[in-house]
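Observations on the model geometry
The residues making up each chain are set out below.
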Amino acid sequence: MATQHQPSSAFSFLSKGWREVRDSADADLRLMKDRANSFKNLATSFDRELENFFNSAAPGFSVAAMRSSPPAEIEFVKRLQPKLSEIRRAYSSPDFSKKVLEKWKPRAKIRIDLSAIRNAIVEEEIGDGVVDFERIKGRRLGFWEGLKGESESESESRDWEPIRALKTRIREFEKKSSSVEIFDGFKNSEFLEKLKSSLKSMCKEPQESKEVPPLDVPELLAYFVKQSGPFLDQLGVSRDTCDKIVESLYSKRKNQLLLQSDSEEESSLLGNGNINDELDLRIASVLQSTGHRYEGGLWTDRPKQDFSSNERHVAIVTTASLPWMTGTAVNPLFRAAYLSQSKKQKVTLLVPWLCKSDQELVYPSNLTFASPEEQEGYIRNWLEERTGFKAEFKISFYPGKFSKERRSILPAGDTSQFIPSKDADIAILEEPEHLNWYHHGKRWTDKFNHVVGVVHTNYLEYIKREKNGALQAFFVKHINNWVTRAYCSKVLRLSAATQDLPNSVICNVHGVNPKFLKIGEMMAAERELGQKAFTKGAYFLGKMVWAKGYKELIDLLGKHKTDLDGFNMDVFGSGEDAHEVQSAARRLDLNLNFQKGRDHADDSLHRYKVFINPSISDVLCTATAEALAMGKFVVCADHPSNEFFNSFPNCLIYKTPEDFVAKVKEALENEPYPLTPEQRYKLSWEAATQRFMEYSDLDQILNMEKDGVKPSRDKGKLIGKSASMPNLSELANGGLAFAHYCLTGNEFLRLCTGATPGTRDYDKQHCKDLNLLPPQVENPIYGW
């Protein structure tokens, strides 16, 4: 109904405007009339004053007298009279009114042709040059009356052009049949549609916008603290403290983003992930929304080889090799065998080669090898005998030297150069801190696309037992932190007993030799047949050094000798501290029967029922896992290294020395529980390989098809992160690697920190054994 009054309202508005124009014109005409009358009165008054001037002259003077001898005043008047006559003719002429109007007409900003009004005024002049304004007023009233009610012919003939155009438009407007016609056309116009869409976009609610909110100050501070982790860690600020600071700074902004987000998917990504991953995703989304792309930093190296469409390569580098029966020789060998079963990647195992003099110090039973090919044959035969299949992977050797002080093999030269660049895709560093203490060569993360470190040994626990152990442990802790941060992308710790290292997670990625699982199945089958599988009591097996648990064992047995009256135990092992260990046992009169070390799978060990391992220096005791696989009881300490075994019912964990006595008696008086299929699988290398692929991110990296995307898992979904995001941590890591390279290049500094002489480069004997060129020819300065 409101639309029906719109035409009348519009007409009323126009009428009101015309009334205002008419009133203004009346005022202007009255002003002009008053001014013209004032000029007329002025002229009349001037004539009268002039006449009075002549009449007031002296009576003694006549006109004739003035003509004969005019005074000075009369001469002045004679000179003035012609000028007065000109003025009178000027204002009496017909053009006077025209000139007055041109001078006094209003200066309107709108340029309207007023020639019609001017001509009308000029036409109405009377004889003596004065304008008849009454007649003009009548003409003006006739104009407004004609606008309202005159016929079209009369109006068009009397009105001037702008008025006729305006009246024509008004008549067209009045001819519209209804207001619906007018406004329907306006409503359906293209202009209105564009106007509506523009207003809609301007008034859109903020939560409907797909634009990424900009970063605020707390987010920037949180990201700065997160990226400053390497510096803070070196200064002694723990990673947990940094994470708490980041969480406190980012949590408020995170809640705001969750409230603004109306997408379930976006909410799940922001609300259910790790705080560091969420912050990385937030920074990456902002960078992507701005179109920024990071091209690299100070330590940017050549682009790595793209393996996204080709076969992938995995290089496993370890610090020991068979026949040395140590964890870093056995476990990487099994890892290479089971990784090679997948057709997704090729596998290379890189092990140290020792000269004959060092082989005699390390390998048992005076076993030595004349060539790498001979040792490779020994390794493959040993592996195939225990796995039951022929593993298809490559074995390569790098130069190494044995350190008697550290009881370890140290690499000589740049170990990374023994993996060809065409195969430099993924590197697995077994004991990354040990491999890189004195590494002087190319940075692993520069040569390889992804570097995974697997921590086997709790070096800090061993060092604390030595002279000035606390001081040495302090320095070794920071050196381990330094080299793993500089050279590893991801670090896997077998248990929480190890040092907390950068980019590390805790997961047992080791399995047991399949032969032990077969022994356990055999013992379970005998028990099902009613036979007595375990005919012997308790035993301990391990390298005979104090740090391997012998000190704890002798202390416990010596303290509770009376509580374990009649308890006998066999000990298998060989090592540097064998004489001291045996002397301490004899001094305390302990019932320990010492024998030479042997393979845990040896037939003579099958019938023992209880394996006692009081060691608290292990990271994850392989012998404990092997004993459980064979179906035995295991008595071990309540320690982070044994957390993986808590779920097995045959694992008896003690917390106090008194509890140790109770667990030993319980194991001797009862029979072990048979292993379930799930428990056997959990101990297997198949399960260990699956855990390794998951926690090292290899399952995602090997299946990744897109280049430049870093995967991260959140509730089973892959979150794309910007691989081109500027990274302060990477800048710090590159600086640490460069500093480490410079320090390890100085032989004097190497010797001061305990390096074996001659390990910066391999020697002539290594060149002869491995068919290498001299170091100065093949080993230039790498990576910088």
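Scroll up to find the structure.
What counts and how
Residues numbered from 1 in each chain as written. Predicted model: local features only at pLDDT ≥ 70, side-chain atom pairs only at ≥ 80, totals over all residues. Heavy atoms only, no water. Helix = DSSP H or I, 4+ residues; strand = E, 2+ residues; numbered from the N terminus. Contact = heavy atoms within 4.5 Å. Areas by Shrake-Rupley, 256 points an atom, 1.4 Å probe, with all protein chains shown as cover. Core = buried A, V, L, I, M, F, W, Y, C linked by side-chain atoms within 4.5 Å. Buried < 20%, exposed > 50% of the residue type's maximum accessible area, 1.4 Å probe, protein only. Pairing = 2+ DSSP bridges. Axes fitted to C-alpha atoms, helices over the stretch in contact; angles between N-to-C directions. 1 Å grid on protein atoms, 1.4 Å probe; cavity = no way out; pocket = protein on both sides within 12 Å on 5 of 7 lines; lining within 4 Å. Points joined across faces, edges and corners; volume = space filled by probe spheres on them. Nonpolar A, V, L, I, M, F, W, Y, C, P; charged D, E, K, R; others polar. Parallel < 35°, antiparallel > 145°, perpendicular 65-115°, else oblique. Right-handed = clockwise from strand over helix to strand, strands pointing away. Phe/Tyr/Trp six-rings, centres within 6.5 Å; stacked < 30°, edge-to-face > 60°. Lys NZ or Arg CZ within 6 Å of the ring centre and 35° of its normal.

Attention shifts here to the overall build of the protein. Check the secondary structure of the protein and you find 34 helices and 18 strands. Residue pairs at least 24 apart in sequence account for 70% of intrachain contacts in the protein once pairs closer than 6 positions are excluded. About 43,200 Å² of surface is accessible on the protein, with carbon and sulfur atoms providing 54% of the total.

By size, the foremost hydrophobic cluster in this structure holds 134 residues, and its most contacted members are Phe 393, Ile 612 and Phe 660. If you tally residues by element for this core, the top one is helix H16 (residues 327–339), at eight residues. The contact partners of Ile 612, leaving out residues within four places of it in the chain, are Ala 538, Tyr 539, Phe 540, Leu 553, Phe 567, Met 569, Val 635, Phe 660 and Val 664.

Next up on the list: the sheet that holds strand S7 (residues 490–493). Judged by pairing direction, the sheet is mixed, and its eight strands sit side by side in the order S4-S3-S2-S1-S5-S6-S7-S8 without closing on themselves. What marks the edges here is a single partner per strand, and that holds for strand S4 (408–411) and strand S8 (504–506). Adjacent strand axes in the sheet meet at a mean angle of 30°, parallel and antiparallel pairs treated alike. Bridge analysis of strand S6 (residues 450–455) against S7 gives four bridges, and the strand direction is parallel. Considered in S7, the bridge of Gly 453 is made with Val 491. On top of the sheet, helix H29 (residues 685–695) reaches strand S5 (426–430), S6, S7 and S8; it is set at about 145° to S7, its chief contact.

This brings us to empty space enclosed by the protein. Counted by the stated rule, this structure contains five cavities of 30 Å³ or more. Each pocket or cavity is described by its volume, and for the largest cavity that value is around 80 Å³. If you go around the largest cavity, you meet 13 residues; those closest to its centre are Asn 508, His 510, Gly 511, Leu 620 and Ala 625. Put simply, the parts of the chain that give the lining of the largest cavity at least two residues each are helix H26 (622–629) and helix H28 (677–683). For the lining of the largest cavity, the residue count by class is six nonpolar, five polar and two charged. The calculated volume of the second largest cavity comes to roughly 60 Å³. Across the lining of the second largest cavity, the residue classes tally to four nonpolar, five polar and one charged.

Time to look at the side chain of His 456. Along the chain, the position of His 456 falls in the loop between S6 and helix H21 (459–464). Look at His 456 and you get buried, because its relative accessible area is 11%. Apart from the residues within four sequence positions on either side, His 456 is in contact with Gly 327, Thr 328, Asn 331, Pro 332, Arg 335, Glu 430, Glu 431, Leu 494, His 510 and Val 619.

Let us look at the packing of H16 against H29. In the contact formed by H16 and H29, the axes pass within 10 Å of each other and the chain directions differ by 85°. Between H16 and H29, the angle falls in the class roughly perpendicular. Residues Asn 331, Phe 334, Arg 335, Tyr 338 and Leu 339 of H16 touch H29, and the partners they reach there are Trp 685, Glu 686, Thr 689, Phe 692 and Met 693. Of the residues contributing to the contact of H16 with H29, the split by class is six nonpolar, two polar and two charged.

Right, let's get into the sheet that holds strand S9 (residues 536–541). For sheets, the rule is that strands pair by backbone hydrogen bonds, running either parallel or antiparallel. Strand order across the open sheet formed by six strands is S11-S10-S9-S12-S13-S14, with parallel pairing between neighbours. Bordering the open sheet on either side are strand S11 (592–595) and strand S14 (651–654), each of which pairs with just one other strand. Recorded for the sheet is a direction-independent mean angle of 25° between the axes of neighbouring strands. Alignment of strand S12 (residues 608–613) against strand S13 (residues 633–637), held across four bridges, turns out to be parallel. Residue pairing across strands places Asn 613 opposite Cys 636, the latter belonging to S13. Along the sheet, helix H24 (residues 550–559) contacts S9, strand S10 (569–572), S11, S12 and S14; its crossing angle with S10, the most-contacted strand, is approximately 165°.

So, on to the pairing of strand S1 (residues 312–317). Burial analysis of S1 places six of its six residues in the buried class, which makes it a mostly covered element. For the crossover from S1 across H16 to strand S2 (residues 345–353), the handedness is right-handed. Of the pairings in the sheet, the one linking S1 to S5 comprises four bridges and is parallel in character. If you follow Ala 315 over to S5, its bridge partner there is Ala 427.

The next point concerns the packing of aromatic side chains. The full count for this structure, using the stated rule, is 20 aromatic pairs. Centroid distance Phe 334 to Trp 685: 5.8 Å. Interplanar angle 20°. Geometry classified as stacked. With Phe 334 in helix H16 and Trp 685 in helix H29, this pair connects stretches of sequence that are 351 residues apart. Among the aromatic residues, those joined into a cluster by ring pairs are Tyr 539, Phe 540, Tyr 550, Phe 572, Tyr 608 and Phe 611. Lying across the ring of Phe 692, Arg 335 places its NZ or CZ 5.0 Å from the centre. One residue, Arg 380, lies across the ring of Phe 393, its end atom 5.0 Å from the ring centre.

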